[in-house]
Amino acid sequence: MTINHPSFGPVADDRVIIFDTTLRDGEQSPGFSMNLEEKIRMAKALEALGVDVIEAGFPVASPGDFESVQKIAEVVRESVVCGLARSGGKRDIEAAGEAIARAPRRRIHNFISTSPLHMKYKLRMEPETVLELIAEGNRASRRYTDDVQWSAEDGSRTEPDFLCRCVETAIRHGATTINIPDTVGFTTPEELQAIFAMLRERVPGADGVIFSTHNHNDLGLGVANTLAAVAGGARQIECTINGIGERAGNAALEEIVMAIRTRRDRIPFVNRIDTPQLLSVSRLLATITGFDVQPNKAIVGRNAFAHESGIHQDGILKNAATYEIMTPESVGWSKTSLVLGKHSGRAAFRDKLRALGYALGDNKVQDAFERFKVLADQKKTVFDDDIRALVDDETRDHERIRFVSLDVRAGSRRPAEAALELLVDGEIRKAEVTGNGPVDAAFTAIGTIFPHEATLALFSIGAVTEGTDAQARTTVRLQEAGKMVDGQGADADTVVSAVRAYVHALNKLLVKRERGEPEALSA
Ligand SMILES: CC(=O)SCCNC(=O)CCNC(=O)[C@H](O)C(C)(C)COP(=O)(O)OP(=O)(O)OC[C@H]1O[C@@H](n2cnc3c(N)ncnc32)[C@H](O)[C@@H]1OP(=O)(O)O
Ligand SMILES: CC(C)C(=O)C(=O)O
C-alpha cells in the first residue's frame, strides 16, 4: 500500500528511503568529531549523493551541535534535515525544533529506550512512564514539524507486547516514521525480519507510517540485518558513510545501496542514491575525519576492485564479470586495477607490458617474467617503474656479456667475497675474488672474468621506488681511451644492481670499440 508521507508525499511500495546518520551516530565514534565547516561540506556532499534524510546532529548536546544543525538546515534544500532529541529530555525537542526551523524539509527524531534492561538500569523508569514520555515527545515534536520520527532505543531487545504498545502510542501521538534500532548489534537477520513483520501485523495504524531500521555492527551483521528488516517491511534504512558509528559502527550506506542495486533480483527496491559518487563521498569523510577505510572495505576500500592473483587477473582480462559483481565505474572508481605481485601470472604481466608500451616477443616476455617473479618474492609491491627497470635491463639484445648470478659475503669482520657468473659470448665464466667491500669484490670479479682497461669514472645508486624493499637503480660510468659510457642496472639487491650496471656499461664500450667510434665525452 502506498503511504502518504509529510515530506515525501506518496511513497511507492518498492521505494526505500535512505536516512544518513554519518553526522550524528557516525560522529559519535571516538575521534570522529567534525567541526562546523566540515559538517557543512559533508552535508552538501550527502545531499548531492541523493540521501533522502540527513540526520545532522543532536542539537541539545552542545552549542556547537546546535549551530551545525542550524547551519545545515540553512544550506540543504533537497534532503530532509533531521535533529535528534530524547523523548523525555527537558529541552531536547525545543532545541531540535529550533535548530531545524530553516530547512524547507525538516524532521525531529525523538527516541527513548524500551528494553527491560535499559528502562530499569539506564532510565530508571517504569514502562508506563516510558509510554507517557513517548506520547509527550511525539506531541511536542509535532509542534515544530509534521515529519516526526520516533525510535525505540534497544528495540531489538524489547519484549514484543511492550514494543507493540510503544509503537502504537508513538503513532497515535503523531509519529510518521517508526524506527526499531538494533542499538547494540545483537539481533540476527531472521529475528529482525520477524520483529518488523510482527509490528506491521499487530499495531493499529502501522499501515500509515514508514518503518525504519538502524543497525549496529557489533557482530558484523549490520548490513545483513538491514536487508532482512527491509524484507520484513522496513522502508527507511538508517546508515552511515564508511559504516562509521558507535563502537563497531553502523550499517554502511555504500554497502546497502550496492547490495540493493546489484541484487535487484532478490531485493526489488529503488532509492535515489547516485552511486558513482560513493567513492568520492567516502574519501571526503576519510579526509575530514583522518580515518581511512581498511583496504578490503567493500565498495570503497582500495582493494575492492584490485586483483593480484594470476588466475583472477587472467579471468578479469578475459571477462571482468568472472571476478567482479559490479563495475568499478558504477561506484566511482575509474577502472579495475591489476596489481602485479608474487601471485600474478603471465597474462597480467603481458597486459602490464603492453600498457607500459613494450612490444616483446614470447621469449623476452618469459625471461622478464621469470625475473619479475624473483623480484616479487623479495618486494611487497612491484611498481610500474620496477617493471620498466627490469624489462629495460632484460631486453638488451646484442650484448656479449650477460649477468647470470652473484653470491656475496660481506661484513665488518672480514674482507668481502664475491662469486660471480657471467655469460660471455654464450659461455658461462666464473670468478671468486675478495675485495674491499662487496661492490669492490664484485667489480674485481668482472675484471677477472672479462679483463679490460676501462676505469670507473662514476658510480651512483638510487632507489627506483620508495621503501626499504625498493629496487636499487645503479649507474656506472666507464672510461677507456677517451671513450665514456654509462650503464644502468636495477635489482632488489644493491650489489647485483651495481654489477648489472657495470656489465651494461662494458657492453656499450665493446659496441663502441667494434664500431671504432671516435672519442666521446659521454655514452
Ligand atoms: C543510542 C544512541 O546513539 S542515543 C544518542 C547518544 N548520543 C549522545 O549521547 C551524544 C550527545 N549526548 C550529550 O551531549 C549528553 O549525553 C546530553 C547533553 C544529551 C545529556 O547530558 P547530561 O544531562 O549530562 O546527562 P548524561 O549524558 O550524563 O546522562 C544521560 C541522561 O539522559 C537520560 N536519558 C537517556 N535517554 C533518555 C530519553 N530518551 N529520555 C529522557 N532521558 C533520557 C539518562 O537516563 C540520563 O539521565 P540521568 O542524568 O538522570 O541519569
Ligand atoms: C537514537 C537511536 C536511533 C540510535 O542511535 C540507536 O539506537 O542506536
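Looking at an unreviewed UniProt entry, one finds the protein chain named 2-isopropylmalate synthase, with Swaminathania salitolerans as its source organism. Word for word, the UniProt comment on the protein chain under Function (unreviewed entry) is "Catalyzes the condensation of the acetyl group of acetyl-CoA with 3-methyl-2-oxobutanoate (2-ketoisovalerate) to form 3-carboxy-3-hydroxy-4-methylpentanoate (2-isopropylmalate)." Per UniProt, the protein chain has the following entry under Catalytic activity (unreviewed entry): "3-methyl-2-oxobutanoate + acetyl-CoA + H2O = (2S)-2-isopropylmalate + CoA + H(+)".

Asks: Would you explain the site of ligand 1 in this entry?
Replies: In the vicinity of ligand 1 there are 14 residues, among which R24, Q28, R86, G88 and F111 approach most closely. At a separation of 3.2 Å, a nitrogen atom of ligand 1 approaches a polar backbone atom of G88. Relative to its unbound accessible surface of 1000 Å², ligand 1 loses 54% to contact with the protein. Of all elements in the fold, only β6 (106–113) and α4 (116–123) reach the threshold of two or more residues within the shell around ligand 1. Of the residues contributing to the shell around ligand 1, the split by class is five nonpolar, five polar and four charged.

Asks: What am I meant to see in the packing of aromatic side chains here?
Replies: Two measures describe an aromatic ring pair: the distance that separates the ring centres and the angle between the ring planes. The tally for this structure, following the rule as stated, stands at eight aromatic pairs. When the ring of F196 is compared with that of F211, the centres are 6.3 Å apart and the planes differ by 90 degrees; the resulting orientation is edge-to-face. Separated by 15 residues along the polypeptide, F196 in helix α7 (residues 189–202) and F211 in strand β9 (residues 210–215) bring together distant segments of the chain. Side by side, F196 and F211 carry an identical accessibility label, which is buried. Ring geometry for F443 versus F459: centroids 5.6 Å apart, planes at 80 degrees, classification edge-to-face. Of the two residues, F443 is situated in helix α15 (residues 438–449) and F459 in strand β16 (residues 455–463); the sequence distance between them amounts to 16 residues. When its relative accessible area of 33% is taken as the criterion, F459 is described as partly exposed. The cationic tip of R15 hangs over the ring face of F8; the distance from NZ or CZ to the ring centre is 5.5 Å. Note that R157 overlies the ring of F186, its terminal NZ or CZ placed 5.9 Å from the centroid.

Asks: Can you walk me through the UniProt feature "binding site: Mn(2+)" (unreviewed entry) in the protein chain in this structure?
Replies: The feature "binding site: Mn(2+)" (unreviewed entry), as given by UniProt, occupies D25, H214, H216 and N250 in the numbering adopted here. The largest pairwise C-alpha distance within this set of annotated residues, which runs over 226 residues, is 10.2 Å, so the set is compact in three dimensions. Note that H216 resides in the loop between β9 and α8 (222–231). Excluding anything up to four places from it in sequence, H216 contacts D25, D182, T183, V184, G185, G222, E246, R247, G249 and N250. A distance of 3.1 Å separates the side chain of H216 from the side chain of D25, its partner in a polar contact. Residue position: N250 is located in the loop between β10 (236–239) and α9 (253–262).

Asks: Before we go on, may I ask you to explain the nonpolar core in this structure?
Replies: Soluble globular proteins tend to bury their nonpolar side chains together. Formed by 57 residues in total, the largest nonpolar core has its most connected members in M42 and L253. With 32 residues, the next largest nonpolar core counts F443, I446, V485 and L509 among its residues.

Asks: Explain the site of ligand 2 here, please?
Replies: Around ligand 2 sit R24, D25, H109, F111, S151, E153, N179, P181, T183, H214 and H216, and that is every residue in its neighbourhood. Residue D25 places a side-chain N or O atom 3.2 Å away from an oxygen atom belonging to ligand 2. The contact in question runs from an oxygen atom of ligand 2 to an N or O atom on the side chain of H216, over 3.1 Å. Here ligand 2, which alone exposes 260 Å², has 94% of that area covered by the protein.

Asks: It is not clear to me how the sheet that holds strand β14 (residues 416–424) should be interpreted in this structure. Could you clarify?
Replies: The strands making up a sheet associate through backbone hydrogen bonding, with each pair oriented either parallel or antiparallel. The sheet built from three strands is open, its strands ordered β13-β14-β15 with antiparallel pairing. Looking at the sheet topology across the chains shown, the edges are occupied by β13 (401–409) and β15 (427–435). Between one strand axis and the next, the sheet turns by 15 degrees as a mean value, whatever way the strands run. Relative to β14, β13 is paired through eight bridges, and the arrangement is antiparallel. Pairing of R409 across the sheet is with E417, part of β14.

Asks: Would you mind going over helix α14 (residues 384–394) with me for this structure?
Replies: The periodicity of an α-helix, 3.6 residues per turn, causes residues three or four positions apart to be oriented the same way. Along α14, the residues that are buried comprise D386, I387, A389, L390, V391, D393 and E394. As for α14, its buried residues are in contact with α12 (346–355), α13 (362–378), β13, β17 (472–480), β18 (483–491) and α16 (494–515).

Asks: When you look at the pairing of β6 in this model, what are you seeing that I'm missing?
Replies: Residues in a regular strand point their side chains to alternate faces of the sheet. In terms of burial, β6 is largely enclosed, as seven of its eight residues are buried. Considered for its hand, the β-α-β crossover made up of strand β5 (residues 80–86), helix α3 (residues 92–100) and β6 is right-handed. As paired elements, β6 and strand β7 (residues 148–153) share six bridges and run parallel to each other. Note that in β7 the partner of N110 across the bridge is W150.

Asks: What exactly am I supposed to notice about the confidence of the model for the protein chain here?
Replies: Any segment with low pLDDT has predicted coordinates that should not be analysed in fine detail. Looking at the protein chain as a whole, its pLDDT mean stands at 94, while 98% of the residues score no less than 70. Contacts of residues 519–523 to residues separated by more than four positions or lying in other chains number 15 contacts, the stretch itself having pLDDT below 50. As a predicted assembly, this complex carries a pTM of 0.85 together with an ipTM value of 0.98.

Asks: Please explain the environment of K379 as it appears in this structure.
Replies: With respect to the secondary-structure elements, K379 resides in the loop between α13 and α14. The sequence separation of K379 and L133 amounts to 246 residues, and the corresponding C-alpha distance is 63 Å. Those residues in contact with K379, other than ones at most four positions away along the chain, are D386, T465, D469, A470 and Q471. Within the local environment of K379, its side chain forms a polar contact with the side chain of D386, the two groups lying 2.8 Å apart.

Asks: Any chance you could explain the state of the cysteines here in plain terms?
Replies: Defined simply, a disulfide is a covalent bond joining two cysteines at their sulfur atoms. A full pass over the atoms with the stated rule returns zero disulfides. Considering cysteine sulfurs only, C239 is the nearest to C82, which forms no disulfide, with 13 Å between them.

Reading the values: the criteria
Residues numbered from 1 in each chain as written. Chains lettered and ligands numbered in written order. Predicted model: local features only at pLDDT ≥ 70, side-chain atom pairs only at ≥ 80, totals over all residues. Heavy atoms only, no water. UniProt positions renumbered as here; feature names shortened; annotations may be inferred. Near = heavy atom within 4 Å. Polar contact = N/O pair within 3.5 Å; in protein donor to acceptor, adjacent residues only side chain to side chain. Areas by Shrake-Rupley, 256 points an atom, 1.4 Å probe, with all protein chains shown as cover. Helix = DSSP H or I, 4+ residues; strand = E, 2+ residues; numbered from the N terminus. Nonpolar A, V, L, I, M, F, W, Y, C, P; charged D, E, K, R; others polar. Phe/Tyr/Trp six-rings, centres within 6.5 Å; stacked < 30°, edge-to-face > 60°. Buried < 20%, exposed > 50% of the residue type's maximum accessible area, 1.4 Å probe, protein only. Lys NZ or Arg CZ within 6 Å of the ring centre and 35° of its normal. Contact = heavy atoms within 4.5 Å. Core = buried A, V, L, I, M, F, W, Y, C linked by side-chain atoms within 4.5 Å. Pairing = 2+ DSSP bridges. Axes fitted to C-alpha atoms, helices over the stretch in contact; angles between N-to-C directions. Right-handed = clockwise from strand over helix to strand, strands pointing away. pLDDT = per-residue confidence, 0-100. Disulfide = S-S within 2.5 Å.

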